[in-house]
Amino acid sequence: MSRDTERKLVASNKKARHDYTILKTYEAGIVLAGTEVKSLREGRVSLVDAFAQERDGEIMLYGLHIAEYGYGTWTNHQPRRTRKLLLHRVEIARILEKLREGGGLTLVPLSMYFADGWAKVELGLARGRKSYDKRQAIAERDANREIARELGRRLKGARRPTR
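1. Concerning the packing of aromatic side chains
Aromatic rings considered in pairs are described by the distance between their centres and by the relative angle of their planes. Under the counting rule described, the total for this entry stands at 2 aromatic pairs. An angle of 70° between the planes, with centres 5.8 Å apart, marks the rings of Tyr69 and Tyr71 as edge-to-face. The class for Tyr69 is buried, based on a relative accessible area of 17%. Here the basic side chain of Arg7 rests over the ring of Tyr113, its NZ or CZ set 3.7 Å away from the ring centre. Across from the ring centre of Phe114, 4.2 Å away, lies the NZ or CZ of Arg41, which sits over that ring.

Take a look at the structure:
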């Protein structure tokens with residue numbers, strides 16, 4: 001039996017990219033129960049309120065909602081239980097060092113996906129944005145989109161529509 005070699009996205013946290021400035025990303029495995037994996041494969045997961053913290057020298061994921069598996073029996077899992085993340089000890093040490101430095105850094109899950117058949121979480125070391133930073137980021141994104149649109153028009157030879 002062969003495993004999938006591509007990366008299959010299950011869920012992404014768009015709100016995190018809006019609310020935080022992502023400084024560095026990490027890929028972590030996640031410890032799951034059997035029914036959780038089945039529910040993940042159906043795409044029934046929400047990263048909205050999730051965050052990661054250190055507990056006893058390990059990184060744990062809190063607030064991740066994986067819906068109960070529809071065909072599960074008494075062996076079904078709790079939807080919002082705390083889940084352990086699998087990282088190398090060196091990576092954990094680096095992450096904890098940066099978090100302890102201060103500066104308002106936090107660990108936020110950005111996406112969940114299957115890579116080579118294994119469930120993975122993309123974690124972002126992030127700093128919270130102020131409301132004026134969010135507005136500035138939106139304005140910058142809109143300006144870049146308008147520049148790309150105009151450049152595309154010029155490359156195609158079309159003129160700008162008159163109003």
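2. Examining the side chain of Glu122
Here Glu122 lies in strand β9 (residues 118-128). If sequence neighbours within four positions are ignored, Glu122 has contacts with Arg7, Arg17, Thr25, Tyr26, Val108, Pro109, Leu110, Ser111 and Tyr113.

3. Remarks on the nonpolar core
With 28 residues, the main nonpolar core has Ile30, Leu40, Ile59, Leu64 and Leu85 as its most contacted residues. What Leu85 contacts, discounting residues up to four positions off in sequence, is Ala28, Gly29, Ile30, Ala52, Ile59, Leu61, Val121 and Leu123.

4. Some words on the environment of Thr25
Relative to the helices and strands, Thr25 is located in strand β2 (residues 20-30). Those residues in contact with Thr25, other than ones at most four positions away along the chain, are Leu110, Glu122, Leu123 and Gly124.

5. Describing the pairing of strand β7 (residues 83-86)
The side chains of a regular strand alternate, first on one face of the sheet and then on the other. Burial along β7 is one-sided: the face carrying Arg83 and Leu85 is buried and the face carrying Lys84 and Leu86 is not. When β2 meets β7, the two strands line up antiparallel, connected through 2 bridges. By the bridge assignment for β7, Gly29 is matched with Leu86. The sheet contact formed by strand β5 (residues 58-62) and β7 spans 2 bridges and is antiparallel. If you follow Met60 over to β7, its bridge partner there is Lys84.

6. Focus on helix α3 (residues 89-100)
Given a rise of 1.5 Å per residue, 12 residues ought to cover 16 Å, and the 16 Å separating the end C-alpha atoms of α3 matches this to within 8%. Buried within α3 we find Ile92, Ile95 and Leu96. One side of α3 carries all its buried residues, which in axial view fall inside an arc of 95°. With respect to the buried face of α3, the exposed residues turned more than 90 degrees away are Arg94 and Glu97. Packed against the buried residues of α3 are β2, β4 (51-55), β5 and β8 (105-115). A positive backbone phi angle near 100° is found at Gly102, which sits one or two residues after α3.

The rules behind each value
- Residues numbered from 1 in each chain as written.
- Predicted model: local features only at pLDDT ≥ 70, side-chain atom pairs only at ≥ 80, totals over all residues.
- Heavy atoms only, no water.
- Phe/Tyr/Trp six-rings, centres within 6.5 Å; stacked < 30°, edge-to-face > 60°.
- Buried < 20%, exposed > 50% of the residue type's maximum accessible area, 1.4 Å probe, protein only.
- Lys NZ or Arg CZ within 6 Å of the ring centre and 35° of its normal.
- Helix = DSSP H or I, 4+ residues; strand = E, 2+ residues; numbered from the N terminus.
- Contact = heavy atoms within 4.5 Å.
- Core = buried A, V, L, I, M, F, W, Y, C linked by side-chain atoms within 4.5 Å.
- Pairing = 2+ DSSP bridges.
- Expected span 1.5 Å × (residues − 1).
- Arc of directions from axis to C-beta.

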